[in-house]
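Examining the three-dimensional arrangement
Each chain, letter by letter, is given below.
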Amino acid sequence: MDVLSEIENWPVVNAVSVVIDGRGSIAGQHGDLDKVYALASVTKLLSSYACLIALEEGAINLEDPAGPEGSTVHHLLAHTAGYDFDSDVIRFTVGAKRGYSNYGFEKLAEHLQQETEINFADYAQEAVFAPLGMNSTKIAGSCAKDGRSSAADLAKFAAELLNPTLVSPETLSDATRVHFEGLAGILPGYGRQNPNDWGLGFELRSSKNPHWTGASHPSQTFGHFGQSGTFLWVDPVDRLACVTLTDRNFGPWAADAWAGYNERVLKAYAA
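So, a few notes on the structure that sits alongside this text.

Basis of the calculations
Residues numbered from 1 in each chain as written. Predicted model: local features only at pLDDT ≥ 70, side-chain atom pairs only at ≥ 80, totals over all residues. Heavy atoms only, no water. Helix = DSSP H or I, 4+ residues; strand = E, 2+ residues; numbered from the N terminus. Buried < 20%, exposed > 50% of the residue type's maximum accessible area, 1.4 Å probe, protein only. Phe/Tyr/Trp six-rings, centres within 6.5 Å; stacked < 30°, edge-to-face > 60°. Lys NZ or Arg CZ within 6 Å of the ring centre and 35° of its normal. Pairing = 2+ DSSP bridges. Expected span 1.5 Å × (residues − 1). Contact = heavy atoms within 4.5 Å. Axes fitted to C-alpha atoms, helices over the stretch in contact; angles between N-to-C directions. Polar contact = N/O pair within 3.5 Å; in protein donor to acceptor, adjacent residues only side chain to side chain.

So, unusual backbone geometry
Cis geometry marks the peptide bond from N194 to P195, where omega comes out at 5°. By secondary structure assignment, the location of P195 is in the loop between strand 7 (191-193) and strand 8 (203-204). Omega for the bond connecting N209 with P210 falls within 30 degrees of zero, at 5°, which places this linkage in the cis form. Residue position: P210 is located in the loop between strand 8 and strand 9 (222-226). Residue F180 is not a glycine yet carries a positive backbone phi of 60°. For F180, the position within the fold is in the loop between helix 6 (169-175) and strand 6 (185-187). A positive phi angle, close to 50°, is found at S206, a residue other than glycine. Assignment of secondary structure puts S206 in the loop between strand 8 and strand 9. Judged by relative accessible area, which is 17%, S206 ranks as buried.

What follows is the structure, encoded as structure tokens:
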């Protein structure tokens, strides 16, 4: 029995999981790939990729002032601008720690909109979703948490992350390395991590423990999980990616299930 069928035992009504190989092809799947789910913070991966395209186009720059005084696009993308999780309250000095913030991403979207005179959701549609044929995907609200998509669409996006075509490999490689090294912070759902490594919008597995990916995942693994019970990871060493979507919010059930599941997915498909 394929490891992906384990999702049938999760305490959810609907779930789907798909594995993408290094060629960008679907190596395994279980569940309805066309059902659309709320992504919650997996939306940040889509928004980050739109920002990378804007950076390559020169529409925005990492050192553009954005957010609180002293903050830049760079700080906002890497969650080091000092904002509270979901408000404009300043919790710490710019660059002092890793403070995961939906609000910071929303300020990032405002900056891109100001510079391009294009609504952020429209920019993401034109720059990312349309070129990749992600016809079921949209951002309807916050660029941090209000995306909706299907596993079929996110499999196309994961294939892009394994073999970038919309940005250069160098740009993606830079976005998925540690930015602002050595900063501690809270990883939502998993507690304080030191360091709490992050790239440009991409969460990095690094040495985090506990974590939602498997213990054998390379430190270079990147991705994101969402409060709506969703995740997407990319392992650039073993050249694999996995998209898993459910309709039950993240909680103890997910913290208990995901790491072991992802460990078994990696072992089953890495060979």
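There is more to say after this.
Remarks on the packing of aromatic side chains
Under the definition given, this model contains 16 aromatic pairs. Relative to W258, the ring of F231 has its centre 5.0 Å away and its plane inclined at 70°; by these criteria the two rings are edge-to-face. One end of the pair, F231, is in strand 10 (residues 230-235); the other, W258, is in helix 7 (residues 252-270), and 27 residues separate them in sequence. Look at F250 and W258: their rings are 5.5 Å apart centre to centre, the planes differ by 55°, and that puts the pair in the tilted class. In this structure, F250 and W258 share a single accessibility class: buried. Grouping aromatic residues by their ring pairs yields a cluster made of W10, Y190, W212, F225, F231, F250, W253, W258 and Y261. Here the basic side chain of K35 rests over the ring of Y37, its NZ or CZ set 5.5 Å away from the ring centre.

Some details on the pairing of strand 10
Among the six residues of strand 10, six are classified as buried, and the element is accordingly described as predominantly covered. Burial along strand 10 is two-sided: T230, L232 and V234 and F231, W233 and D235, pointing in opposite directions, are all buried. Judged from the five bridges that link them, strand 9 and strand 10 form a sheet pairing that is antiparallel. Bridge pairing links F225 to F231 in strand 10. From the end of strand 9 to the start of strand 10, which pair antiparallel, there are three residues, and G229 there has a positive phi angle of about 90°. Of the strand pairs in this sheet, strand 10 and strand 11 (residues 240-246) are connected by six bridges, and their pairing is antiparallel. Along strand 11, the bridge assignment pairs V234 with A241. Between strand 10 and the antiparallel strand that follows it, strand 11, lie four residues; R239 among them carries a positive phi value of about 60°.

Considerations on helix 5 (residues 151-162)
Spacing of three or four residues puts side chains on the same side of an α-helix, whose turn is 3.6 residues. With 12 residues, helix 5 ought to run about 16 Å at 1.5 Å a step, and its terminal C-alpha atoms sit 16 Å apart, in line with that. In terms of burial, helix 5 is a largely internal element, 11 of the 12 residues being buried. The complete set of buried residues in helix 5 reads A151, A152, D153, L154, A155, F157, A158, A159, E160, L161 and L162.

Remarks on the sheet that holds strand 10
In space, the six strands of this open sheet follow the order 2-1-11-10-9-8, with antiparallel pairing throughout. A single partner strand is all that each edge strand has here, and the edge strands are strand 2 (26-30) and strand 8. Along the sheet, helix 5 contacts strand 1 (15-20), strand 2, strand 9, strand 10 and strand 11; its crossing angle with strand 11, the most-contacted strand, is approximately 155°.

Remarks on the side chain of T221
Tracing the backbone shows T221 in the loop between strand 8 and strand 9. For T221, a relative accessible area of 1% corresponds to the buried category. Here the side chain of T221 touches P218 through a polar contact of 2.8 Å, landing on its backbone oxygen.

Observations regarding the side chain of S17
Relative to the assigned elements, S17 resides in strand 1. A polar side-chain atom of S17 sits 2.8 Å from a polar atom in the side chain of T244. With residues up to four places along the chain from it excluded, the contact list for S17 reads L4, I7, G28, Q29, H30, C242, V243, T244 and Y261.

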